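So you can see what is in the structure, the chains are spelled out below.
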Amino acid sequence: MNTTRTFVDAVGIEHAPADQSARIVSLVPSITELLFALGLGPQVVGRTTFCIHPANEVAKIQRVGGTKKVHMDRLRRTSPTHVIVNIDENSKSDVEEIATFVPNIIVTHPLAPSDNIGLYRLLGSIFNRSPISQLLCAEFEKTLSATIKLGADLPRLSVLYLIWYQPWMTISPPTYIAELLALVNWITPDHQTEQRYPALSASSFAVDKADLVLFSSEPFPFKDKHIDAFAKEFSVKRNRLVAIDGEMTSWYGSRAIKGLCYLYDLAKHISERQRSLSCRT
């Protein structure tokens, strides 16, 4: 009788524990960083162009294309035993092709900050790093609890979080980013669409209702010129438009711990700024 324990990923696939010879390719930037935090750097043999942390370490690893377009020939040459993907980040067609020559595809799909706990445990268990993953879990849980407690005292604001330009694209409520923003009482409007990342042109009413419009540094790298263009196109006062670090708000994994602190500090700063402006008027 087979008594090997297995671990289940985001689509219900069971994975047995890997041995020390596992060769890992990560097609998810935030998970690449998490693998290093788990002490798995020596086993990571491939990554995407967008996997940039930790910088000194990933520079030594073979790039196999982008998150949306994987170069299959490069991927094959890394001889991976495990490839880690994400439902939002990677295309289904790429994943299906990879599955024809890689024995283990680990699918991830965090939908809320608390899902980081399961992510740490899943990868820690599969790759025999459970003690380190438990330390990450404890640190994350402590930071999450503090953020929830402190965030409850912040003013409730309607926020429009932009991720793309031409067209302007935003996020819907049932996404990881929206759930994270809600921890500091920043509420994402319902865009009346089933799309998780809708074009703003289909829901421009949200601009008028937004207390803040947030411009993420990724996946589109918004600059001041883009923010100015938005202000002009939608006739919005510049003080309602705020640049935000997309890595801190959209990256799950180990960075999510720092992300919680970053988000609370930003929300608190904006709240204090608004209070100051209110006192002057």
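This text gives an overview of the structure that appears in the document. (Residues numbered from 1 in each chain as written. Predicted model: local features only at pLDDT ≥ 70, side-chain atom pairs only at ≥ 80, totals over all residues. Heavy atoms only, no water.)

With that settled, the discussion passes to unusual backbone geometry. For the bond running from Gln166 to Pro167, omega is 0 degrees, close enough to zero to count as cis. A positive phi angle, close to 55 degrees, is found at Gln166, a residue other than glycine. Looking at where Gln166 falls in the secondary structure, it is placed in the loop between strand 8 (157-164) and strand 9 (169-170). Look at Asn185: it is not a glycine, yet its phi comes out positive at around 70 degrees. (Helix = DSSP H or I, 4+ residues; strand = E, 2+ residues; numbered from the N terminus.)

What follows covers a nonpolar patch on the surface. A surface patch of nonpolar side chains, about 230 Å² in accessible area, is lined by Val11, Ile13 and Ile87. Examined against the element boundaries, Ile13 turns out to sit in the loop between strand 1 (7-8) and strand 2 (14-15). (Patch = residues over 30% accessible without salt bridge, like charges linked within 9 Å, V, L, I, M, F, W, Y side chains within 5 Å. Areas by Shrake-Rupley, 256 points an atom, 1.4 Å probe, with all protein chains shown as cover. Salt bridge = Lys/Arg side-chain N within 4 Å of Asp/Glu carboxyl O.)

So, on to the sheet that holds strand 7 (residues 104-108). Strand order across the open sheet formed by five strands is 5-4-3-6-7, with parallel pairing between neighbours. What marks the edges here is a single partner per strand, and that holds for strand 5 (62-63) and strand 7. One ladder, built from three bridges, connects strand 3 (residues 24-26) with strand 6 (residues 82-86); its direction is parallel. Residue pairing across strands places Val25 opposite Val83, the latter belonging to strand 6. Across the sheet, helix 1 (residues 29-37) touches strand 3, strand 4 (44-47), strand 6 and strand 7, and the angle it forms with strand 3 is around 140 degrees. (Pairing = 2+ DSSP bridges. Contact = heavy atoms within 4.5 Å. Axes fitted to C-alpha atoms, helices over the stretch in contact; angles between N-to-C directions.)

Moving on to the pairing of strand 4. Across three bridges, strand 3 lies against strand 4 in parallel orientation. Bridging across to strand 4, Ser26 finds its partner in Arg47. Crossover strand 3 to strand 4 through helix 1 is right-handed. (Right-handed = clockwise from strand over helix to strand, strands pointing away.)

Two elements in contact, helix 1 and helix 5 (residues 115-126), have axes separated by 11 Å at closest approach and are oriented at 60 degrees. In this view, helix 1 runs oblique relative to helix 5, as classed from their interaxial angle. Crossing of helix 1 over helix 5 shows right-handed handedness. The segment helix 1 lies against helix 5, with Ile31, Leu34 and Leu35 engaging Leu119, Tyr120 and Leu123. For the contact of helix 1 with helix 5, the per-class residue count stands at six nonpolar, no polar and no charged. (Parallel < 35°, antiparallel > 145°, perpendicular 65-115°, else oblique. Left-handed = near helix turned anticlockwise from the far one by under 90°. Nonpolar A, V, L, I, M, F, W, Y, C, P; charged D, E, K, R; others polar.)

This paragraph deals with the packing of helix 5 against helix 6 (residues 130-151). Packed helices, taken two at a time, are described by the angle their axes make and the gap between the axes. Interaxial distance between helix 5 and helix 6 falls to 8 Å at its minimum, and their mutual angle equals 170 degrees. Between helix 5 and helix 6, the angle is such that the two are roughly antiparallel. Taking contact as the criterion, the partners of Asn116, Ile117, Tyr120, Arg121, Gly124 and Ser125 in helix 5 are, on helix 6, Ser130, Ser133, Gln134, Leu136, Cys137, Phe140 and Glu141. Its residues assigned to classes, the contact of helix 5 with helix 6 shows five nonpolar, six polar and two charged.

Here we come to the nonpolar core. By size, the foremost hydrophobic cluster in this structure holds 54 residues, and its most contacted members are Leu123, Phe127, Leu181, Trp186 and Leu214. Those elements giving two or more residues to this core turn out to be helix 1, helix 5, helix 6, strand 8, helix 7 (176-182), strand 11 (212-216), strand 12 (241-244) and helix 11 (255-280). With eight residues, the top contributor of residues to this core is helix 11. In contact with Leu123, not counting residues within four places along its chain, are Ile31, Leu34, Leu35, Leu38, Ile84 and Ile106. (Core = buried A, V, L, I, M, F, W, Y, C linked by side-chain atoms within 4.5 Å. Buried < 20%, exposed > 50% of the residue type's maximum accessible area, 1.4 Å probe, protein only.)

Looking now at the packing of aromatic side chains. If you walk through the whole model with that rule in mind, you get eleven aromatic pairs. Taking 5.5 Å as the distance between ring centres and 75 degrees as the angle between the ring planes, the aromatic pair formed by Trp164 and Phe220 counts as edge-to-face. Separated by 56 residues along the polypeptide, Trp164 in strand 8 and Phe220 in the loop between strand 11 and helix 9 (224-234) bring together distant segments of the chain. A residue is classified by how much of its surface remains accessible, and Trp164, at 35% relative accessible area, is partly exposed. On the basis of relative accessibility, which here comes to 15%, the residue Phe220 falls in the buried class. Centre to centre, the rings of Trp168 and Phe230 are 5.1 Å apart; their planes meet at 85 degrees, and the pair counts as edge-to-face. Here Trp168, found in the loop between strand 8 and strand 9, pairs with Phe230, found in helix 9; they are 62 residues apart in sequence, far enough to count as distant. This pair shows no difference in class: Trp168 is buried, exactly as Phe230 is. Taken together, the ring pairs in this structure connect Trp164, Tyr165, Trp168, Phe215, Phe220, Phe222, Phe230 and Phe234 into an aromatic cluster. (Phe/Tyr/Trp six-rings, centres within 6.5 Å; stacked < 30°, edge-to-face > 60°.)

A few words now on the side chain of Thr188. As for its placement among the helices and strands, Thr188 is situated in the loop between strand 10 (186-187) and helix 8 (205-209). Judged by its relative accessible area of 10%, Thr188 falls in the buried class. Excluding residues within four positions of it along the chain, Thr188 makes contact with Val159, Ile171, Ser172, Pro173, Ala178 and Leu181.

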